[in-house]
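# Secondary and tertiary structure notes
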Amino acid sequence: MSSSQGKLKPSSSELDLDRPNIEDYLPSGASIHEPHGKLHLRDLLDISPILTEAAGAIVDDSFTRCFKSNPPEPWNWNVYLFPLWCFGVVFRYMILFPLRALVLTIGWIIFLSCFIPVHFLLKGNDALRKKLERVLVELICSFFVASWTGVVKYHGPRPSMRPKQVFVANHTSMIDFIILEQMTAFAVIMQKHPGWVGLLQSTILESVGCIWFNRSEAKDREIVARKLRDHSQGADNNPLLIFPEGTCVNNQYSVMFKKGAFELGCTVCPVAIKYNKIFVDAFWNSRKQSFTMHLLQLMTSWAVVCDVWYLEPQNLRPGETPIEFAERVRDIISVRAGLKKVPWDGYLKYSRPSPKHRERKQQSFAESVLRRLEEK
Amino acid sequence: MGNSSSMLTQYDIEEVQQHCNNAFSQQEIVSLYERFCQLDRSGGGFVSAEEFLSVPEFAVNPLSQRLLRMVDGLNFKEFVAFLSAFSPRATLQQKIEFIFKVYDSDGNGKVTFNDMLDVLRDLTGQFISEKQRTQVLTQVLEEAGYTKESLLVLSDFVKILGSSGLKMEVEVPVD
């Protein structure tokens, strides 16, 4: 893990974004100074490297940095800029927001008045029904994107509907899904949410084919893995969109990808999403805001500007494990979207690290003690 | 300061600086305060053990439990004083004192054989047998002129560690 010898680089510089943080990848055993020579009392008593690591983690750690929302620099601080900013606030809240809410309402009316008949009347004719529902879901997503004045630039070839392929993308907010969905109706795997979002999930998203998981259930992983496999093998199903990070990250870092998407025996098509922070910070910090508040924040900002890159499809290479495959794809996405990679599992937001990390450190120290005991 | 407001006054900063013997610059103290507030999610004015353990890099450290005992429930001023041993401005004496305190868990100024064995156990886990650990510790102690029954005090630690070129520094990120 991060054996950074106590010197953690400050993370605020934009210039650092594209350079990989190599310190994060030093395996904990291979410290820069390999102690050798006969074992003395001071070698056992000198716990300064381990203490330094602990203090370094207390002062700054790469995991917490992934989930820090970065507020924009305030620019309204002098007597000329402040009224301009006030005018901007008034414009955004009093003019833009009602307009957008109107657009969204119209969109919902159109959508529901088409979707409900299609869903019930065409019950017999599945192929046509599915096709129409797909188009309608793409439509309502476009309305959503319009309601934030979303300016999305898509790069790369559009996803094609082929069997045995899955799409993976980095995850910043639930709006990632909406932005991608307006272009192609993906099936998605998501955490089931409470409230109106959950309602939408169970009704409308069911029509494009969705898989639910529950982070808190231990057995859930196997069930979900099976569902993923079944879905990806089916020829008629919409292509699956998976966010392998498993949680929302702040669009400056990427956490470890879960291997579930990479062991399905399918082609993996990476998608990189990068939001332009100048307009709005699209990171959804689910600990701080509900999704409703997050949407309202987006609807009262100037715009949501982002780039979406559809990258070259990847296959498992001979001799490559799914975990290596996942890391390789994460690398491709992180480089494209300018994200710094950290070696942490996103689920550490909800649980403690497994004891094997600590055991690895203990093992390397124990081995060095025993080895030096032999030396004369 | 010491409560959930996120504003530090100049007076607060100077007070903290004095308390830690000028180990940190004023800018570093402001950064440390931001960090403290970030860790103190419940806003109680101190960081609980749970909140420290939610930093995975800290949780995987073999000495995390020992350090937790020292750092749990400290308010901001004490938190900075705790970290002052890791400042580049701290003296070798201060660093050795900190290490001594980690060993001396009951705080009576004396480190026993068992204290040292406990720390060694934290550091090596199940990868060395208890018998081997005792053996190794006894051996190096005797080589250094002590016995199993010796009670080490701070000056002993200074003697043992003073010449080893101790490196114990942490950089506080300043925006």
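Residues numbered from 1 in each chain as written. Chains lettered and ligands numbered in written order. Predicted model: local features only at pLDDT ≥ 70, side-chain atom pairs only at ≥ 80, totals over all residues. Heavy atoms only, no water.

## Some details on the confidence of the model for chain A
In low-pLDDT segments, the atomic positions of the prediction should not be examined closely. Predicted confidence across chain A gives a mean pLDDT of 82, with 89% of residues reaching 70 or more. Every residue in residues 1–32 of chain A scores below 50 in pLDDT, and together they form 61 contacts with partners more than four places removed in sequence or on other chains. (pLDDT = per-residue confidence, 0-100. Contact = heavy atoms within 4.5 Å.)

## Some points on the packing of helix H4 (residues 81–121) of chain A against helix H5 (residues 126–147) of chain A
Residue and element names in this part refer to chain A. Following both chains from N to C, one finds H4 and H5 inclined at 170°, their axes separated by 9 Å at the closest point. Considered as vectors, H4 and H5 are oriented roughly antiparallel to each other. On H5, the residues touching Arg100, Val103, Leu104, Gly107, Trp108, Ile110, Phe111, Cys114, Phe115, Val118 and His119 of H4 are Arg129, Leu132, Glu133, Leu136, Val137, Leu139, Ile140, Phe143, Phe144, Ala146 and Ser147. Here the residues of the contact of H4 with H5 are counted per class, giving 16 nonpolar, 3 polar and 3 charged. (Axes fitted to C-alpha atoms, helices over the stretch in contact; angles between N-to-C directions. Helix = DSSP H or I, 4+ residues; strand = E, 2+ residues; numbered from the N terminus. Parallel < 35°, antiparallel > 145°, perpendicular 65-115°, else oblique. Nonpolar A, V, L, I, M, F, W, Y, C, P; charged D, E, K, R; others polar.)

## Some remarks on the pattern of salt bridges
If you walk through the whole model with that rule in mind, you get 19 salt bridges over all chains. Asp60 of chain A is the salt-bridge partner of Arg65 of chain A, the closest N and O atoms lying 3.3 Å from each other. Grouping residues by exposure puts Arg65 of chain A and Asp60 of chain A together as buried. A cluster of three or more residues bridged by salt bridges with shared partners is formed by Arg66, Asp118, Arg121, Asp122, Glu130 and Arg133 of chain B. (Salt bridge = Lys/Arg side-chain N within 4 Å of Asp/Glu carboxyl O. Buried < 20%, exposed > 50% of the residue type's maximum accessible area, 1.4 Å probe, protein only.)

## Focus on the packing of aromatic side chains
All names here are of chain B. For the coordinates displayed, the defined rule picks out 26 aromatic pairs over all chains. Ring geometry for Tyr33 against Phe76: centres 4.9 Å apart, planes inclined by 75°, an arrangement best described as edge-to-face. With a gap of 43 residues between them, Tyr33 in helix H2 (residues 26–39) and Phe76 in helix H6 (residues 76–83) connect regions that are remote in the sequence. We note that Tyr33, like Phe76, is buried. What links up through ring pairs into an aromatic cluster is the set Tyr33, Phe36, Phe52, Phe58, Phe76 and Phe79. (Phe/Tyr/Trp six-rings, centres within 6.5 Å; stacked < 30°, edge-to-face > 60°.)

## Section: the domain arrangement of chain B
All names here are of chain B. Once the domains are mapped, chain B shows domain 1 (5–84) and domain 2 (92–161). Its C-alpha centre places domain 1 at a distance of 27 Å from the equivalent point of domain 2. With 8 residues of domain 1 at the contact, the number on the domain 2 side is 11 residues. Among the residues of domain 1 in contact with domain 2, Leu63, Arg66 and Met70 are the three that bury the most area, contributing 64% of the side total. Viewed at the interface, domain 2 and domain 1 are joined by 2 salt bridges. Residues Arg66 and Asp118 are paired through a salt bridge, measuring 3.9 Å at the closest nitrogen-oxygen approach. Scanning the region where domain 1 abuts domain 2 turns up 2 residue pairs in polar contact (both at pLDDT 80 or more). For the side of domain 1 that touches domain 2, the leading source of residues is helix H5 (residues 64–71), giving 4 residues. Its residues placed into classes, the side of domain 1 that touches domain 2 shows 5 nonpolar, 1 polar and 2 charged. (Domains from an automatic or database assignment. Buried area = accessible area lost by both parts, 1.4 Å probe. Polar contact = N/O pair within 3.5 Å; in protein donor to acceptor, adjacent residues only side chain to side chain.)

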